Each structure stands twice: as structure tokens, then as C-alpha cells.
Amino acid sequence: MLSLQKKKINIYNLVLIGIFVIFLSFTIYLALNIKMGVSSDSWYHLRVSQKYAETLGIPENGPDTYQWRDIEHIPYLYFWINGRLLNLNSITFHFNEAIILRFFNILYSLGTLLGTYLLSKQFFKKRSLQLLPVFLLSNTLMFLFLSSSINYDNLGNLFSVFSLLFFVKAIKKKGDWKNIFLMLIMLCLGILTKFTIVPLAFILVLLITIYVIKNWKSYKKSFKGKILYLLIPLGVLIGMNLGIYGVNLIKYHSLTPECLDVLTYDQCLENGVFVRDTLWIPKQEIHLFKMIFSGERLDPVRYTWIWMREMTRRIVGIMGDSSLFASYDIIPFYIGFLGISIISVVRYRKDFNKESKFLCISTLFYLLVLLFVQNYATYLRQGYPTLALQGRYMFPVISSFYILFVYSLSKIKKRWLRGVVFIGLITLFVIGCLPFFFLNVDSNWFGSINY
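To start, this report covers the structure provided alongside it. All of these numbers come straight from a predicted model, not from anything done at the bench. (Residues numbered from 1 in each chain as written. Predicted model: local features only at pLDDT ≥ 70, side-chain atom pairs only at ≥ 80, totals over all residues. Heavy atoms only, no water.)

Per the secondary structure count, the protein includes 21 helices and two strands. The C-alpha atoms of the protein give 23 Å as radius of gyration, which agrees with the globular expectation for 451 residues (22 Å, within 12%). Principal axes of the C-alpha set define a box for the protein whose edges measure 70 × 60 × 55 Å. Relative to its full complement of 451 residues, the protein shows a buried share of 52%. Contacts in the protein between residues at least 24 apart in sequence constitute 78% of all its contacts with a sequence separation of at least 6. In the protein, 46 positive and 23 negative side-chain charges are present, and the distance between their average locations comes to 22 Å. (Helix = DSSP H or I, 4+ residues; strand = E, 2+ residues; numbered from the N terminus. Rg over C-alpha atoms; globule rule 2.2 N^0.38 Å. Buried < 20%, exposed > 50% of the residue type's maximum accessible area, 1.4 Å probe, protein only. Contact = heavy atoms within 4.5 Å. Lys, Arg positive; Asp, Glu negative; His and termini not counted. Charge placed at Lys NZ, Arg CZ, Asp CG, Glu CD.)

Okay, here's the thing in C-alpha cells:
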């Protein structure tokens, strides 16, 4: 009996290792073979990183940076780290700078996969279920492609999944300050990396604050000992965030100043996004009800359906400076499994534990902010439903999304039906990832990586 259990454990370990090995092999292959200018904003991230390599601090805006907009008043952690890596490379190995930065991005995403596995273990006792969210993420084509690219999303996603991990661990254990402090540290690092982590930070901090207040007696007793040393790095990181966002609020009355707040009109015209939003697709004032009732814009319900379909295409496919979208023919299958998940949530909601409900609230909040505050507002202002609609913008919560997805499907009572659903889901993600990529990728994406 013991030997059978060991074999079972070894099989799961081999599957987990296999997931990581396949992920690592494919992303390294992409990193070594995909040309610059194919993945999302790769030139921007490389050039700004090279600018950060010229100074130990934050570089100033200048004629050679105007095309990248303002680089002085932005979250800088990713670029600063890249700058140090390029400095180290210049005095040691002299590798191709684009490739060495891509390799470190792969490491960030390996960390995200690991964080997904650790978060998954908080919800599932069965090891097969623990592995399934990791498998789904490692077979999400946009995540794989982004992981092999130079993009600050990869570092932001790493901090996001670990902030969610520490959040869930804090919820599971009353009076646990250590995981709360670690969550706050991860969130501070995430916000120093990318502004779009702010909605996730807001909801996690709000929920944990409410939780602490409701259970204050337990937390009051445990506020002591070595865990208080975590307040030192937390205080430093809060100060660093205030150095960016606090200064921006005071000086520009915004967490992220507009291009014209910092640069002149002619300087901003060197940036493609500014030209698009100013000259090609100028923004309009939003008059919500007038726009909807006149037929000028879609209502939120109809737009949500388009958003779900197009986000799915950009997650299981690729959207970058060049794109390989998933076919419209296969998208209904992905949405169909999501529909089964939603039905399961409604039907078996009483079986959901406390941690899953908290994780669901935080994930749903982030997605609603992305849907309505970011994407729908952009559509209302500029009239194009898919303008600036990127699948990767969901990635700060894609780990929690997949875990909740599997968690809800695992509640299906009929064993045969649950098995059919999981086998179908696994088959869909396998077919829709590497086989789809190699059968449809444009050969022009491959070539020498010149920079």
C-alpha cells in the first residue's frame, strides 16, 4: 500500500516537473528565435531599460526619450533592475542585451507558475487538482509568449500572485500578521513595477482591513515579536511608492500624469500612442445615456459579451505588436467551460469556503475595474470596442481566476460528469496552445535578434 502511494506521489511530481520543463523549453525557444518588435511593447521596454543602465538613479526625460513618453514619473522597479542587469552584463559576459533580459523575464514567469502552484495548494487536497491551474496557466499561449518577452508585466504578475498567496494564507489563519505584512510588501513591489496593480492592492488591503477589524482581539494579541521587523522593509517600500505616486499627486494632481503634464505638445507628438489618441482617434466627452440611447455606443451588457469574447481570443491567442488571435470557431468552447463554471458557482455556492469567497471578491473586483473603468471607458471615449484591449491586462489575477475556475468545476457532484469536463478542458488547452502556435505562426516572426 505504501509503495503504491509513493508511486502516486512520484507521478504527480513528474507531472509538475514536466509542466515546468515544457514551459521553460518553449519560452527559451521563443526568447532565442522571435525577432524584436513582435511581442508587446518590446522596443519600449528594452530602450527604457537601456536608458536606466546609464544611471544608478532615475534617468531624466530628453530628446532621445520623448518617443517613449515620460520616463521620470513612472513606476521604475522593472526598468531599474534591468538597468543593473545590463550594467553587470557589460562588465562580464557581453551577451546580447535583448536575450539576457528575456531570460530574466522567463525566470519571473517561472516564479509566477510556482506561486500559482502554492496558491492552488491552499484550496485543493487532491494533488491532481493542485496541478490543474498550473497546467492551464502554462498552456495559456499569451502567458507563454509574454514570458519570453521583455515586458514589465512579467515582474508585476510575479508580485501579484504572491500577494494573493499571502492574502489567502492570512485569511485562513486569524491573528497572522506575518502574512499580512508579506502581502503588503508584495503589493508595494507590484505597484513599484506597474500602476495597474493598484486596483488589486486596493481590494486586498480593503478586505484584509475589514477582516482584521472583525477579528481584532486575535490580531491585538499577536502584534509582537520578530514579525514586527517586517515593518522595516514595508516602511521603506511605502516611502518609495510615495516618492512616485505622492509626488505625482501633489505636482500633477494625478497618480500617473498625462504626457502633456510633463512634456510639451511637440515632444509628445513623438510618441505613437499620443498621436493615436490625439490625432488619429481623438477622445470624446462621455455622455453615457445619450451615447447608448442614440445607438452611438453599445450598452454595458452587450459590450461585456464582446469583451469576454475578445479577451479570450487575446489570452489563448497572442496579441502584441504582431498578433496571432485564436479562431472565432474555438472561442465558444472556452466560454462554454466558463459557463459551466458559473453554473457550478451558483448551484454549489454553499460549498465554497471562506478563502475562496475572499479570493473570488478580489478577482472579480479587479476584472470589473478592467472591464468598465479601463476598457469600456476607452470604448466610450474613442468608439472602438477592442481599442487597447489586451489579454495580458488580466494576468495579475489569472492565477486566482484559474484556481477559482477549477475549484468551481471540482464541486460538480456527478463523478463521471466532472471527469468529462476536466478531460475536455485539458484537451482544449493542449490543442489551443503549442499545436495552434506552430501550425499558424507567421514565419516572419522568426529571425536574428538585433537591437
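The rest of the description comes next.
So, about the nonpolar core. The biggest cluster of nonpolar side chains holds 137 residues, and the ones touching the most others in it are Leu-136, Phe-167, Phe-437 and Trp-445. If one sorts the elements of this core by residue count, helix α7 (residues 152-172) sits on top with 13 residues. One finds Tyr-66, Cys-259, Leu-263 and Cys-268 within the second-largest nonpolar core, a separate group that totals five residues. (Core = buried A, V, L, I, M, F, W, Y, C linked by side-chain atoms within 4.5 Å.)

Overall, the coordinates contain one disulfide when judged by the stated rule. Here Cys-259 pairs with Cys-268 through a disulfide, and the sulfurs are 2.2 Å apart. Since a negative S-S torsion denotes a left-handed disulfide, the Cys-259-Cys-268 link at about -110 degrees is left-handed. For Cys-268, a relative accessible area of 0% corresponds to the buried category. (Disulfide = S-S within 2.5 Å.)

Now for a nonpolar patch on the surface. On the surface, a nonpolar cluster with roughly 470 Å² of combined accessible area is contributed by Leu-260, Tyr-265, Leu-279 and Trp-280. Mapping Leu-279 onto the fold places it in helix α14 (residues 272-280). (Patch = residues over 30% accessible without salt bridge, like charges linked within 9 Å, V, L, I, M, F, W, Y side chains within 5 Å. Areas by Shrake-Rupley, 256 points an atom, 1.4 Å probe, with all protein chains shown as cover. Salt bridge = Lys/Arg side-chain N within 4 Å of Asp/Glu carboxyl O.)

Before going further, it helps to spend a moment on the side chain of Thr-312. Counting through the fold element by element, Thr-312 comes out in helix α16 (residues 300-316). Residue Thr-312 is classed as buried on the basis of its relative accessible area, which comes to 16%. A distance of 2.6 Å separates a polar atom in the side chain of Thr-312 from the backbone oxygen of Met-308. (Polar contact = N/O pair within 3.5 Å; in protein donor to acceptor, adjacent residues only side chain to side chain.)

Tallying each qualifying case throughout the model produces 12 salt bridges. One salt bridge in this structure joins Asp-153 and Lys-194, with 2.4 Å as the shortest N-O distance. Within this pair, whereas Asp-153 is found in helix α7, its partner Lys-194 is found in the loop between α8 (177-193) and α9 (198-214), the two being separated by 41 residues in sequence. Its relative accessible area of 9% is what places Lys-194 among the buried residues. Glu-296 is paired through a salt bridge with Arg-297; the nearest N and O atoms lie 3.7 Å apart. Looking at Arg-297, the relative accessible area reads 6%, which means it is buried. In the salt-bridge network here, residues are joined through shared partners; they are Asp-41, Asp-153, Lys-194 and Arg-392.

A positive phi angle, near 65 degrees, is found at Arg-69, a position not held by glycine. Structurally, Arg-69 can be placed in the loop between α2 (42-52) and α3 (77-91). Unlike most non-glycine residues, Ala-388 shows phi in positive territory, near 60 degrees. As for its placement among the helices and strands, Ala-388 is situated in the loop between α18 (354-382) and α19 (398-409). On the basis of relative accessibility, which here comes to 24%, the residue Ala-388 falls in the partly exposed class.

What follows deals with the packing of α19 against helix α20 (residues 415-431). One way to put it is that α19 packs onto α20 with a least axis distance of 10 Å and a crossing angle of 150 degrees. Between α19 and α20, the angle is such that the two are roughly antiparallel. Residues Tyr-402, Phe-405, Val-406 and Leu-409 of α19 form the contact with α20, whose own contacting residues are Arg-418, Val-421, Phe-422, Leu-425 and Phe-429. Counted by class, the contact of α19 with α20 contains eight nonpolar, no polar and one charged residues. (Axes fitted to C-alpha atoms, helices over the stretch in contact; angles between N-to-C directions. Parallel < 35°, antiparallel > 145°, perpendicular 65-115°, else oblique. Nonpolar A, V, L, I, M, F, W, Y, C, P; charged D, E, K, R; others polar.)

In this fold, Pro-385 is placed in the loop between α18 and α19. Pro-385 has contacts with Tyr-303, Ile-306 and Tyr-379, leaving out every residue within four places of it along the chain.

Moving on, we get to α9. Relative to the 24 Å expected for 17 residues at 1.5 Å per residue, α9 spans 24 Å between its end C-alpha atoms, a close match to the ideal helical length. What α9 keeps buried is the set Pro-199, Leu-200, Ala-201, Ile-203, Leu-204, Leu-207, Ile-208, Tyr-211 and Val-212. (Expected span 1.5 Å × (residues − 1).)

Our focus in this paragraph is the packing of helix α17 (residues 331-347) against α19. Two elements in contact, α17 and α19, have axes whose closest approach is 8 Å; the angle formed by their N-to-C orientations is 65 degrees. The two elements α17 and α19 meet at a crossing, and its hand is left-handed. Facing α17, whose interface residues are Phe-337, Leu-338, Ile-340, Ser-341, Ser-344 and Val-345, α19 presents Phe-401, Phe-405, Ser-408 and Leu-409. Tallied by class, residues from the contact of α17 with α19 come to seven nonpolar, three polar and no charged. (Left-handed = near helix turned anticlockwise from the far one by under 90°.)

The next thing to look at is the packing of aromatic side chains. Under the defined criterion, the tally for this structure stands at 40 aromatic pairs. Where Tyr-78 meets Phe-79, the ring centres are 5.7 Å apart and the plane angle is 75 degrees; that geometry is what we call edge-to-face. For the pair shown, Tyr-78 and Phe-79 are each scored as buried. Consider the rings of Phe-352 and Tyr-407, whose centres lie 5.0 Å apart with planes at 85 degrees: the pair is edge-to-face. In this pair, Phe-352 is assigned in the loop between α17 and α18 and Tyr-407 in helix α19, connecting sequence segments 55 residues apart. Across this residue pair, the class does not change: Phe-352 and Tyr-407 are buried. Each residue in the set Phe-167, Trp-177, Phe-181, Tyr-211, Trp-216, Tyr-219, Phe-223 and Phe-358 is aromatic and connected to the rest through ring pairs, giving one cluster. (Phe/Tyr/Trp six-rings, centres within 6.5 Å; stacked < 30°, edge-to-face > 60°.)

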